[in-house]
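The lines below spell out each chain.
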Amino acid sequence: MNSQVKNSNLHHVSVELTAEEALALTGVRFNGNPKVEAAARQKVRNAFEKTFDFSHQDKVDYELLK
């Protein structure tokens, strides 16, 4: 994956999670609220998108896959 860094903080991404969201990312299941893990993953994804520029990823030419 190729990316360009928007800031000089190369090794740290900060995400504020609730205790339930943090536990959900470790594999704990919340049967009463299955959306907890999805919310946590979305927060992590958003933090990465703010930190890294993924718009210059190598694109696959699907014609070459045939």
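As the structure is a prediction and not an experimental result, all values here were calculated from the model.

Colleague: Outline the overall build of the protein, supporting the account with residue identities and numerical values.
Modeller: Looking only at helices and strands, the protein features two helices and two strands. Secondary structure elements of the protein occur, N-terminal to C-terminal, as β-α-α-β. Sorting the 66 residues of the protein into buried and exposed places 14% on the buried side. About 5700 Å² of surface is accessible on the protein, with carbon and sulfur atoms providing 52% of the total.

Colleague: Talk me through the pattern of salt bridges; I want residue IDs and the actual numbers.
Modeller: Tallying each qualifying case throughout the model produces three salt bridges. Among the ionic pairs, Glu21 bridges to Lys43, the shortest N-O distance being 2.9 Å. In this pair, Glu21 is assigned in helix H1 (residues 19-25) and Lys43 in helix H2 (residues 35-51), connecting sequence segments 22 residues apart. With relative accessibility at 32%, the residue Lys43 sits in the partly exposed group. Note that Arg41 and Glu37 form a salt bridge whose closest N and O atoms lie 2.8 Å from each other.

Colleague: Describe the confidence of the model for the protein, and please don't skip the residues or the numbers.
Modeller: Mean pLDDT over the protein stands at 80; residues scoring 70 or higher make up 68%. At the low end of the mean pLDDT range in the protein sits strand S1 (residues 4-5), at 50; at the high end sits H1, at 95.

Colleague: Provide a residue-level description of the side chain of Thr51, including the pertinent values.
Modeller: Position of Thr51 relative to the elements: it lies in helix H2. At 2.9 Å, the side chain of Thr51 forms a polar contact with the backbone oxygen of Ala47.

Colleague: An account of H2 is requested, with residue identities and associated values reported.
Modeller: The end-to-end C-alpha distance of H2 is 25 Å, a good match for the 24 Å that 17 residues give at a rise of 1.5 Å each. Regarding H2, the residues found buried are Val36, Glu37, Ala40, Ala47 and Thr51. In a view along the axis of H2, the buried residues occupy a sector of 100°, so they form one face of it. Every exposed residue of H2 that faces more than 90 degrees away from the buried side is listed here: Lys35 and Lys50.

Colleague: Give a description of the environment of Val13 that names residues and reports values.
Modeller: Relative to the elements of secondary structure, Val13 occurs in the loop between S1 and H1. Owing to a relative accessible area of 29%, Val13 belongs among the partly exposed residues under this scheme. Separated by 31 residues in the primary sequence, Val13 and Val44 place their C-alpha atoms 8.5 Å from one another. Those residues in contact with Val13 that sit more than four places away from it in its chain are Ala47, Phe48, Thr51 and Phe52.

Reading the values: rules and limits
Residues numbered from 1 in each chain as written. Predicted model: local features only at pLDDT ≥ 70, side-chain atom pairs only at ≥ 80, totals over all residues. Heavy atoms only, no water. Helix = DSSP H or I, 4+ residues; strand = E, 2+ residues; numbered from the N terminus. Buried < 20%, exposed > 50% of the residue type's maximum accessible area, 1.4 Å probe, protein only. Areas by Shrake-Rupley, 256 points an atom, 1.4 Å probe, with all protein chains shown as cover. Salt bridge = Lys/Arg side-chain N within 4 Å of Asp/Glu carboxyl O. pLDDT = per-residue confidence, 0-100. Polar contact = N/O pair within 3.5 Å; in protein donor to acceptor, adjacent residues only side chain to side chain. Expected span 1.5 Å × (residues − 1). Arc of directions from axis to C-beta. Contact = heavy atoms within 4.5 Å.

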